[in-house]
Amino acid sequence: MGSKANLTIGTEEIKPIRGFLALTGPFIETCANNSISSVPPSFISGQIKRDGPSHHITIITKEELSNQLNSDGKLSKEGVITKVLQTFQTVAITDWVDVGLGSVSQ
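Cut-offs applied
- Residues numbered from 1 in each chain as written.
- Predicted model: local features only at pLDDT ≥ 70, side-chain atom pairs only at ≥ 80, totals over all residues.
- Heavy atoms only, no water.
- Helix = DSSP H or I, 4+ residues; strand = E, 2+ residues; numbered from the N terminus.
- Buried < 20%, exposed > 50% of the residue type's maximum accessible area, 1.4 Å probe, protein only.
- Areas by Shrake-Rupley, 256 points an atom, 1.4 Å probe, with all protein chains shown as cover.
- Salt bridge = Lys/Arg side-chain N within 4 Å of Asp/Glu carboxyl O.
- Core = buried A, V, L, I, M, F, W, Y, C linked by side-chain atoms within 4.5 Å.
- Contact = heavy atoms within 4.5 Å.
- Pairing = 2+ DSSP bridges.
- Axes fitted to C-alpha atoms, helices over the stretch in contact; angles between N-to-C directions.

(A) Molecular detail of the overall build of the chain. Within the chain one finds four helices and four strands. Counting helices and strands in the order they occur from the N terminus, the chain gives β-β-β-α-α-β-α-α. With 106 residues in all, the chain has 25% of them scored as buried. Of the roughly 7,500 Å² that the chain leaves accessible, carbon and sulfur atoms contribute 58%.

This is the structure:
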């Protein structure tokens, strides 16, 4: 396991950022930079204002972490994050299935 409450996978890292879990690293940056030309400028400026210049993939939202805290009152926020990262380390990494590029719409 990486540093406190982080999980390193090759050159990428899953870590808590502002209350959610995110996948970050050079591969994520490369993918984002390769696709940046198709993103409207207003989206780019909003992302930079919200997240700064780096990119990430959200693994677990603040709401999902909050729900987990509410369902298991014995664990602290860091305890829940550690539990999720341990699950990734033992299950998700070995059973990973790439289903392609996703998108979100309203």
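More follows now that the structure is in view.
(B) Inspection of unusual backbone geometry at higher detail. The phi dihedral of Arg-18 is positive, around 45 degrees, even though this residue is not glycine. Among the residues examined, Arg-18 registers a relative accessible area of 43% and is labelled partly exposed.

(C) Representation of the pattern of salt bridges in the model. A full pass over the atoms with the stated rule returns three salt bridges. For Glu-13, the salt bridge goes to Lys-15, with nearest N and O atoms at 4.0 Å. Asp-51 is the partner of Arg-18 in a salt bridge, and the nearest nitrogen-oxygen pair spans 2.5 Å. With Arg-18 in the loop between strand 2 (12-17) and strand 3 (20-24) and Asp-51 in helix 2 (residues 41-51), this pair connects stretches of sequence that are 33 residues apart. Taking the relative accessible area as the measure of exposure, Asp-51 reaches 14% and is therefore buried. When salt bridges that share partners are traced, they join Arg-18, Arg-50 and Asp-51 into one network.

(D) How the structure looks around the nonpolar core. Among the nonpolar cores identified, the biggest contains twelve residues, and these are Leu-7, Ile-14, Leu-21, Leu-23, Ile-28, Ile-60, Leu-65, Val-80, Ile-81, Val-84, Leu-85 and Phe-88. For this core, the secondary structure elements donating two or more residues are strand 3 and helix 4 (77-92). Per element, the largest residue contribution to this core is five residues, and it comes from helix 4. The contacts of Leu-65, once residues within four sequence positions are left out, are Gly-19, Phe-20, Leu-21, Ile-60, Val-80 and Ile-81.

(E) Highlighting the sheet that holds strand 3. Spatially, 1-2-3-4 is the arrangement adopted by the four strands of the open sheet, whose pairing is antiparallel. Only two strands of the sheet have a single neighbouring strand rather than two, namely strand 1 (7-9) and strand 4 (57-60). Averaged over all pairs of adjacent strands, the angle between their axes in this sheet comes to 30 degrees, without regard to strand direction. Against the sheet, helix 1 (residues 26-35) makes contact with strand 2, strand 3 and strand 4, and its axis sits at roughly 90 degrees relative to strand 2, the strand it touches most.

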